[in-house]
Structure formats: structure tokens, C-alpha cells
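Tertiary structure, described
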Amino acid sequence: MIYVLIPLFNEEHNIEKLHQSLIVKTKGLLVYYVFVDDGSTDNTVETLSNFFCKEEHIIIRKDVNLGPGHSFKIGFDWILNRADMEDLIVSMEADGTSDLTILNVMLDLCNNYGFDLVLASVYAQGGGFERTSLFRLIISFVANMFMRMVFGIKVLTLSSFYRVYRVEMLLRVKSTRGQLITEHGFVCMLELLLNCIQANASIIEVPM
């Protein structure tokens, strides 16, 4: 089973494109979608229910916006309480910034090459940015470089949501640390990455 975990906040206008992309790229795979709505004030939940009515899915709703870290925490916990050891979890954005053309490569690296964690990386050779400002490029580069220096991390992309995890590895992390994530903000992805590194996870990056 492949669990696709997606946090959302006011993504009503992105749902149709998200659905179309996911259905095409996961055709033939056994997939369960886990959506965590972070207190959306638009019609995100209703739109999700309409477009994903034929797919196996759950929408976990929160009345208050508590940040992506909190959404990922409860989403991962929901999955880990139900998944088998050999299952995979794909985490991604709902806004179309996760390039699904590389999803099969990422899944293959876990399934057939034994990696515990696969990261989609804009900094890996062959990756890059499209349709973004110079300011955001500079901020992203400086922040990632600073964090790599502070924590001594060799991984190039630290904060991207778009990843594939082995359930077995995440269960190992959780049993050691008690929780996968404690941060509620975007730094949650760095926190989870550090926890995986400390658990000796085998990690590889795929250019995006």
C-alpha cells in the first residue's frame, strides 16, 4: 500500500488539478489518500470530497489552523497506526509544486533499491526552480546552506514536503523518539529529516 499524505489550507482552487495529476501518476498502484485540512475557510473539504469520491481516502479535519507540522504529525500518526511494515508514505504539497513526473522513480528507489527515505530535490544535479522570484531563490539557498552547516547534514534539500518514506523506518524513529514531529511550522520537515538521519536511515535525493 502507498499512503499519500497531503496537508491542506485553503486549497479549493488547486484540488481539481491535484486530482487529475495524482490519478494519472498513480494508475495501477494501490493507493490510499490521507488529507489533513488545517482549518480551511474556503470549500477545500467539500471540493476534496467531490473529486476524490471514487478513490480510497480520508479527510482529517481541524477546526483551527495550527500549521503544517501539526497536520503532518496527525497524518503520519494516523497512517502508522494502520499501515504494514512494508508500506510506503508519500508526503507532498497540494498546490502543484510537487513534480509528480518523478514519483515512480522515487517509489522505485524505496521498493527495489532499499532506500528508507527519498527526497525530491531542487538542488540535486538536474533539478531547479521554475516560475519563482530571485528573492525566494536566494532565501531558499541561504536557509538550506545555513542549516546544512549548523547540523552537518550532507543532504541538499532540507525543507521540501515532497518525500517518500518507508513505514518501517518511521516506526523505528517513533519508537526511539516517542514522536516524529513536535514543531508546528514549516521547520517540521527539517526536524523529521534530522530524526531520520539519527535513526541511520538510508537517504537519496532525486532531482526535481
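Refer to the structure above for everything that follows.
Criteria and thresholds
Residues numbered from 1 in each chain as written. Predicted model: local features only at pLDDT ≥ 70, side-chain atom pairs only at ≥ 80, totals over all residues. Heavy atoms only, no water. Helix = DSSP H or I, 4+ residues; strand = E, 2+ residues; numbered from the N terminus. Buried < 20%, exposed > 50% of the residue type's maximum accessible area, 1.4 Å probe, protein only. Areas by Shrake-Rupley, 256 points an atom, 1.4 Å probe, with all protein chains shown as cover. Salt bridge = Lys/Arg side-chain N within 4 Å of Asp/Glu carboxyl O. Pairing = 2+ DSSP bridges. Axes fitted to C-alpha atoms, helices over the stretch in contact; angles between N-to-C directions. Parallel < 35°, antiparallel > 145°, perpendicular 65-115°, else oblique. Left-handed = near helix turned anticlockwise from the far one by under 90°. Contact = heavy atoms within 4.5 Å. Nonpolar A, V, L, I, M, F, W, Y, C, P; charged D, E, K, R; others polar. Core = buried A, V, L, I, M, F, W, Y, C linked by side-chain atoms within 4.5 Å.

Further remarks concern the overall build of the protein chain. Across its full length, the protein chain holds seven helices and seven strands. Listed N to C, the secondary structure of the protein chain is β-α-β-α-β-α-β-α-β-α-β-α-α-β in terms of helices and strands. Expressed as a percentage of its 208 residues, the buried residues of the protein chain come to 48%. Counting every atom, the protein chain has about 10,600 Å² of accessible surface; 54% of that belongs to carbon and sulfur.

Turning next to the pattern of salt bridges. Considering all chains together, one arrives at five salt bridges under this definition. Salt-bridge contacts for lysine 174 lead to aspartate 77; the nearest nitrogen and oxygen are separated by 2.9 Å. One end of the pair, lysine 174, is in helix 6 (residues 167-177); the other, aspartate 77, is in helix 3 (residues 68-80), and 97 residues separate them in sequence. Of the charged contacts in the structure, one is a salt bridge between arginine 172 and glutamate 168, with a shortest N-O distance of 3.0 Å.

What follows is about the sheet that holds strand 3 (residues 57-62). Strands pair in a sheet through their backbones, by hydrogen bonds, and they do so in one of two ways: parallel or antiparallel. One open sheet holds the seven strands; their spatial order is 3-2-1-4-6-5-7, and the pairing between them is mixed. Both outer strands of the open sheet, strand 3 and strand 7 (203-207), are each paired with one neighbouring strand and no more. The mean angle between the axes of side-by-side strands here comes to 20°, regardless of whether they run parallel or antiparallel. Both strand 5 (residues 117-121) and strand 7 contribute to a ladder of five bridges, which runs parallel.

Across the interface, helix 1 (residues 15-25) lies against helix 2 (residues 44-51) with an axial gap of 10 Å and an inter-helix angle of 30°. The orientation of helix 1 relative to helix 2 falls into the category roughly parallel. For the pair helix 1 and helix 2, the sense of crossing is right-handed. Between helix 1, through Ile15, Glu16 and His19, and helix 2, the contact on the second element is made entirely by Thr47, Leu48 and Phe51. For the contact of helix 1 with helix 2, the class distribution of residues is three nonpolar, two polar and one charged.

Among the structural elements, threonine 47 can be located in helix 2. Relative accessible area serves as the criterion here: at 13%, threonine 47 is assigned to the buried category. Setting aside chain neighbours within four positions, we find threonine 47 in contact with Glu12 and Ile15.

This brings us to the nonpolar core. Ile6, Phe35 and Tyr162 are the most contacted members of the largest nonpolar core, which has 32 residues in total. Contributions of two or more residues to this core are made by strand 1 (2-8), helix 1, strand 2 (31-38), helix 2, strand 4 (88-91), helix 4 (103-111) and strand 5. A total of five residues in this core trace back to one element, the largest contributor, which is helix 4. Residues in contact with phenylalanine 35, not counting those within four places in the same chain, are Ile6, Leu8, Leu18, Leu48, Phe52, His57, Ile58, Ile59 and Ile60. By size, the runner-up hydrophobic cluster in this structure holds 30 residues, among which are Ala83, Val173, Ile181 and Cys196.

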